[in-house]
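Inside the fold
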Amino acid sequence: MVSFNPFWLSITILQCSAFSAGKGFSRQPNNNAFVSFDRFRSTCPSEIEAIRQFEPLLINDKANDDDVWVAVYRSNNNLPNVFVRDAFFDAMKTSTTAQGGDADTLVSSSSSSSSMVGGLGVTISSGNPKPVAVARLSKSSDSSNVSIIDSMRCALKKEDTNPDCDGGSEHTEAVGICIDELVLHFLQQCAGKQVDDSDDNHVRFDGGIRFRGTLVSGRLLEARGFREVSVLSSDMHSHESDYIGALEMYAERSTSKEVAKNPGSRDRALKIVSYLGRLDREVEKEKADDDDDSGRDFDPFASVKKYYST
């Protein structure tokens with residue numbers, strides 16, 4: 001005789017209702033139960049082909065071998081209708097964008113790798129998944145010891161807000177994952193290149209990562225301890241890494257209830273705090289005070305001075 005346990009049945013129904021609502025992690029009415037899962041997964045370093053699949057123009061013949069790319073994908077925890085929606089918008093973008101080849105080639109190549117989704121009568125690609133966000137970590141033009149995060153791209157809409165996402169929307173969550181993954185990769189490099197204080201090639205974290213922030217990414221950077229620059233440089237970055245700020249903010253994120261909605265975000269924050277704790281604090285601050293003189297002498301208006309006379 002099979003026994004019936006109403007307690008396990010209630011848990012199963014609760015989890016199913018959370019995922020059916022598309023929230024994945026939310027407070028259910030009249031109870032304190034939570035369901036957490038990751039909407040996205042990331043790959044860092046990412047293969048160049050994945051970046052080319054997202055946007056071919058991001059990869060050119062002048063690409064440096066030292067460049068590190070990160071690619072963010074939707075995880076399998078999302079409902080089928082989410083993938084259907086993404087496939088629909090991607091198909092609309094493809095149909096309104098000029099592409100090479102004739103009509104027969106485009107139709108055959110797109111239809112040969114498609115499959116039905118849940119009997120909904122909609123097809124999506126069954127080949128390699130396409131990233132929803134990408135970013136690059138490359139060497140700065142000012143110094144070989146300084147890196148810059150650029151080529152940040154995200155296919156998700158900024159306007160589609162979701163309070164259950166890290167940052168308030170899927171767009172900010174995906175961009176935040178790109179930042180965290182590249183910061184983590186840079187810290188792993190720092191941990192592997194720790195040398196004596198007199199070495200000029202010492203890779204430091206404080207001021208070692210630069211970023212050209214926007215209205216959206218700038219808020220995410222400040223929430224991760226990045227500071228706004230006070231001196232202009234030739235790469236025209238707006239934010240740079242701050243050792244003390246990153247240690248405080250990532251430690252706060254690792255224990256935050258809101259960040260705990262996404263186990264992947266919490267794990268990345270814990271790893272970053274762990275790597276920051278291994279760095280020499282005094283060396284970091286000493287190196288930060290020794291900023292490059294090239295950046296201080298940079299004149300952002302030098303290119304337009306020839307058009308007016310004093």
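Here the structure is a predicted model, which means the values were calculated and not measured.

Moving on, we come to the nonpolar core. Counting residues in hydrophobic clusters, the biggest one holds 37 residues, and the most contacted among them are Val72, Met152, Ile179, Val183, Leu187, Phe205 and Leu276. Contributions of two or more residues to this core are made by strand E2 (68-74), strand E5 (133-139), strand E6 (147-154), helix H5 (170-192), strand E7 (209-211), helix H6 (215-222), helix H7 (243-254) and helix H8 (263-278). By residue number, the principal contributor to this core is H5, which donates 11 residues. Sequence-distant contacts of Met152, defined by excluding residues within four places in its chain, comprise Val134, Ala135, Val175, Cys178, Ile179 and Phe211.

This part is about the sheet that holds E5. Read from one edge of the open sheet, 7 strands run E1-E2-E5-E6-E7-E9-E8, paired in mixed fashion. Of all strands in the sheet, those with a lone pairing partner are strand E1 (40-43) and strand E8 (227-228), marking the two edges. In terms of strand pairing, E6 meets E7 through 3 bridges, oriented parallel. Residue pairing in the sheet places Ile148 in a bridge with Arg210 of E7.

This part takes up unusual backbone geometry. Residue Pro45 follows Cys44 across a cis peptide bond; omega there is 0 degrees. For Ser151, which is not glycine, the phi torsion reads 55 degrees and is therefore positive. Here Ser151 lies in strand E6.

With respect to the helices, strands and loops of the structure, Ser75 is situated in the loop between E2 and helix H3 (80-95). By relative accessible area, Ser75 is classed as buried at 7%. Excluding anything up to four places from it in sequence, Ser75 contacts Asp38, Arg39, Phe40, Arg41 and Phe83.

Glancing now at the confidence of the model for the chain. Here the chain shows a mean pLDDT of 74. Residues at 70 or above account for 65%. Mean pLDDT values over the elements of the chain span from 41, in helix H1 (residues 6-20), up to 94, in E2. Under a pLDDT of 50 for its full length, residues 6-34 has, in the predicted model, 40 contacts with residues more than four places off or in other chains. The low-confidence segment residues 104-124 (pLDDT under 50) makes 27 contacts with residues lying over four places distant or belonging to another chain.

How each quantity is defined
- Residues numbered from 1 in each chain as written.
- Predicted model: local features only at pLDDT ≥ 70, side-chain atom pairs only at ≥ 80, totals over all residues.
- Heavy atoms only, no water.
- Core = buried A, V, L, I, M, F, W, Y, C linked by side-chain atoms within 4.5 Å.
- Buried < 20%, exposed > 50% of the residue type's maximum accessible area, 1.4 Å probe, protein only.
- Helix = DSSP H or I, 4+ residues; strand = E, 2+ residues; numbered from the N terminus.
- Contact = heavy atoms within 4.5 Å.
- Pairing = 2+ DSSP bridges.
- pLDDT = per-residue confidence, 0-100.

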